Number of protein chains: 2
Amino acid sequence: MAALPTDRLGFLLSFRGELTGARIRAALGVAGLHPRNAMTLMQLAPGAMSQRDLAAAMEIDPSQLVAILNELEADGLAERRRDPADRRRHIVEITEAGAAALGRIDTAVGEAERELFGDLTEAEQAVLRGLLDRVVVDPAHHECGE
Amino acid sequence: MAALPTDRLGFLLSFRGELTGARIRAALGVAGLHPRNAMTLMQLAPGAMSQRDLAAAMEIDPSQLVAILNELEADGLAERRRDPADRRRHIVEITEAGAAALGRIDTAVGEAERELFGDLTEAEQAVLRGLLDRVVVDPAHHECGE
DNA sequence: TATTGTTATACTCTATAACTATA
DNA sequence: TATAGTTATAGAGTATAACAATA
């Protein structure tokens, strides 16, 4: 759904955010990656971590991560290996092919951003970033929170 | 999913947009309305229209509108009546209770916006609005488009 | 034959609980 | 007994096609 009262700043931000997300997801698709798989790779970029920590970092349920990692492993982009120190744990790591995919992701997202924000100067983009950073994030009012 | 590279303006806008949308949906829920039902009422605010035109305005498939209008009618917030000029058509109209609900929606959304944008001055909110308006909307790159 | 609204179906996403293997 | 990962199941949301009534 879309197309409504953009005279409301909240709706405007919500709709433009959704549009931007859709544009980025499309770019990731062109780069050959399912959006959530790409997000997972990005999260793994800094270094290996346990499956549980990865799920926590992505703010998703550990059970949802299973299918994602199955796909990434099937595509040779990431690998799971047992933690010798605690054999219940899986250490998740990016492969060489995964690092290459990260490069393609970066290029595709950069291209999408150039299209989305091409009408703004660098200075204006910085202002937009600064204002967005000051939109209040109040966990107490999250949709699923209590 | 959330929590990722907000050093990318595209991701920042996408995530803040999603958060804002979630906050608004929560407000609509408090006002007693399912988000899509509230959106439908808002779309109907200017005046009655046919079910088909309503679906087109909301950019959803006509078949999805059926359940929404069933709920709105069950709650007494909107009414369908046959168009005498073309008995295939349904004219959809807001009821008095629906107008009252619109008032509650407006209050709830206003409250949510005060929380979300409370750290920004009126002038800054205007700047944010102006910048968001210039983010490129390119239908050719829509997720589901060809 | 084309159009309006409706129903039915399937597919994705997500949320939850139960299960296993290790600790 | 508690924890990490997995599996299974159910629910919401959405997209598509087939259908009945009317034009």
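Computed from a predicted model, the values in this text were never measured in an experiment.

K.L.:
I would appreciate a short explanation of the sheet that holds strand E3 (residues 86-94) of chain A in the present structure.
P.N.:
Across a sheet, paired strands are connected by hydrogen bonds in the backbone, their directions being either parallel or antiparallel. All names here are of chain A. Taking strand neighbours across the sheet as the criterion, the three strands line up as E1-E3-E2 in an open arrangement whose pairing is antiparallel. Each edge of the sheet is formed by a strand with only one pairing partner; in this case those strands are strand E1 (49-50) and strand E2 (78-83). Pairing of E1 with E3, which is carried by two bridges, proceeds in the antiparallel orientation. Each bridged residue has a counterpart across the sheet, and for Ser50 the counterpart in E3 is Ile91.

K.L.:
How should the pairing of strand E2 (residues 78-83) of chain B be read in this particular structure?
P.N.:
Residues in a regular strand point their side chains to alternate faces of the sheet. Residues and elements named next belong to chain B. Judged from the six bridges that link them, E2 and strand E3 (residues 86-94) form a sheet pairing that is antiparallel. Note on E3: the bridge partner recorded for Asp83 is Asp86. Hairpin connection, E2 to E3: the antiparallel pair is bridged by two residues.

K.L.:
What exactly am I supposed to notice about the relation of the copies chain A and chain B here?
P.N.:
Comparison of the two chain copies shows a relationship of rotation about an axis with a shift along it. The two copies are related by a screw operation: chain A maps onto chain B through 180° of rotation and 0.0 Å of translation along the axis, at an RMSD of 0.0 Å. The two molecules are tied by a two-fold rotation axis, judged by turn and shift. For chain A, the residue whose C-alpha comes nearest the rotation axis is Gly17 of chain A, separated from it by 2.1 Å. Looking at the interface residues of chain A, 100% of them are also at the interface in chain B, so both copies use one shared face.

K.L.:
Would you explain the packing of aromatic side chains in this entry?
P.N.:
Two measures describe an aromatic ring pair: the distance that separates the ring centres and the angle between the ring planes. All names here are of chain A. The tally for this structure, following the rule as stated, stands at two aromatic pairs over all chains. On the numbers, 5.9 Å between centres and 45° between planes, the contact of Phe11 with Phe15 is tilted. On the criterion of helical spacing, the pair formed by Phe11 and Phe15 is a turn pair, its members being four residues apart in helix H1 (residues 9-30). When sorted by exposure, Phe11 lands in the same class as Phe15, which is buried.

K.L.:
So what exactly am I meant to see when it comes to the confidence of the model for chain A here?
P.N.:
The predicted coordinates of low-pLDDT regions are not to be read in fine detail. Residue-level pLDDT values for chain A average 92, and 90% of them are 70 or greater. Counted against residues more than four places away or in other chains, residues 141-146 of chain A, with its pLDDT under 50, gives seven contacts.

K.L.:
What am I meant to see in the interface of chain A and chain B here?
P.N.:
Residue-level contacts link 58 residues of chain A with 58 residues of chain B. Buried surface at the junction of chain A and chain B, summed over both partners, amounts to about 5,800 Å²; 65% is from carbon and sulfur atoms. In this structure, the connection of chain A to chain B is made through six salt bridges. Two residues, Asp106 of chain B and Arg8 of chain A, come together in a salt bridge whose shortest N-O distance is 2.7 Å. Across the contact surface, chain A and chain B share 18 residue pairs in polar contact (both at pLDDT 80 or more).

K.L.:
Would you take a moment to explain the protein's contact with DNA strand D for this structure?
P.N.:
The local shell around DNA strand D holds 17 residues, among which Gln51, Arg52, Ser63 and His90 of chain A together with Arg87 of chain B are the closest. Restricting attention to atoms of DNA strand D within 4 Å of the protein, one finds that 75% of them are sugar or phosphate atoms. Here Ser63 of chain B contributes a side-chain N or O atom positioned 3.1 Å from a base oxygen of DNA strand D. Note that a phosphate oxygen of DNA strand D is positioned 2.9 Å from one of the backbone N or O atoms of Arg87 of chain B. Taken together, the residues that form the surface near DNA strand D break down as two nonpolar, six polar and nine charged.

K.L.:
What is the right way to look at the protein's contact with DNA strand C in this model?
P.N.:
Around DNA strand C, 17 residues are found, and the nearest of them are Arg88 of chain A together with Gln51, Arg52, Ser63 and His90 of chain B. Taken together, the sugar and phosphate atoms account for 73% of what DNA strand C places within 4 Å of the protein. Gln51 of chain B is positioned such that a nitrogen or oxygen atom in its side chain is 2.5 Å from a phosphate oxygen of DNA strand C. At the level of elements, helix H4 (62-74) and E3 of chain A together with helix H3 (51-58), helix H4 (62-74) and E3 of chain B are the ones that each hand at least two residues to the surface near DNA strand C. A class-by-class count of the residues in the surface near DNA strand C yields two nonpolar, six polar and nine charged.

K.L.:
I keep staring at unusual backbone geometry and nothing clicks. Help me out?
P.N.:
The phi angle of most residues is negative, glycine excepted, and most peptide bonds adopt the trans form. Residue Glu59 of chain A is not a glycine yet carries a positive backbone phi of 60°. Here Glu59 of chain A lies in the loop between helix H3 (51-58) and H4.

Scoring rules and cut-offs
- Residues numbered from 1 in each chain as written.
- Chains lettered and ligands numbered in written order.
- Predicted model: local features only at pLDDT ≥ 70, side-chain atom pairs only at ≥ 80, totals over all residues.
- Heavy atoms only, no water.
- Pairing = 2+ DSSP bridges.
- Helix = DSSP H or I, 4+ residues; strand = E, 2+ residues; numbered from the N terminus.
- Least-squares fit on C-alpha atoms with pLDDT ≥ 70 in both.
- Contact = heavy atoms within 4.5 Å.
- Phe/Tyr/Trp six-rings, centres within 6.5 Å; stacked < 30°, edge-to-face > 60°.
- Buried < 20%, exposed > 50% of the residue type's maximum accessible area, 1.4 Å probe, protein only.
- pLDDT = per-residue confidence, 0-100.
- Buried area = accessible area lost by both parts, 1.4 Å probe.
- Salt bridge = Lys/Arg side-chain N within 4 Å of Asp/Glu carboxyl O.
- Polar contact = N/O pair within 3.5 Å; in protein donor to acceptor, adjacent residues only side chain to side chain.
- Near = heavy atom within 4 Å.
- Nonpolar A, V, L, I, M, F, W, Y, C, P; charged D, E, K, R; others polar.

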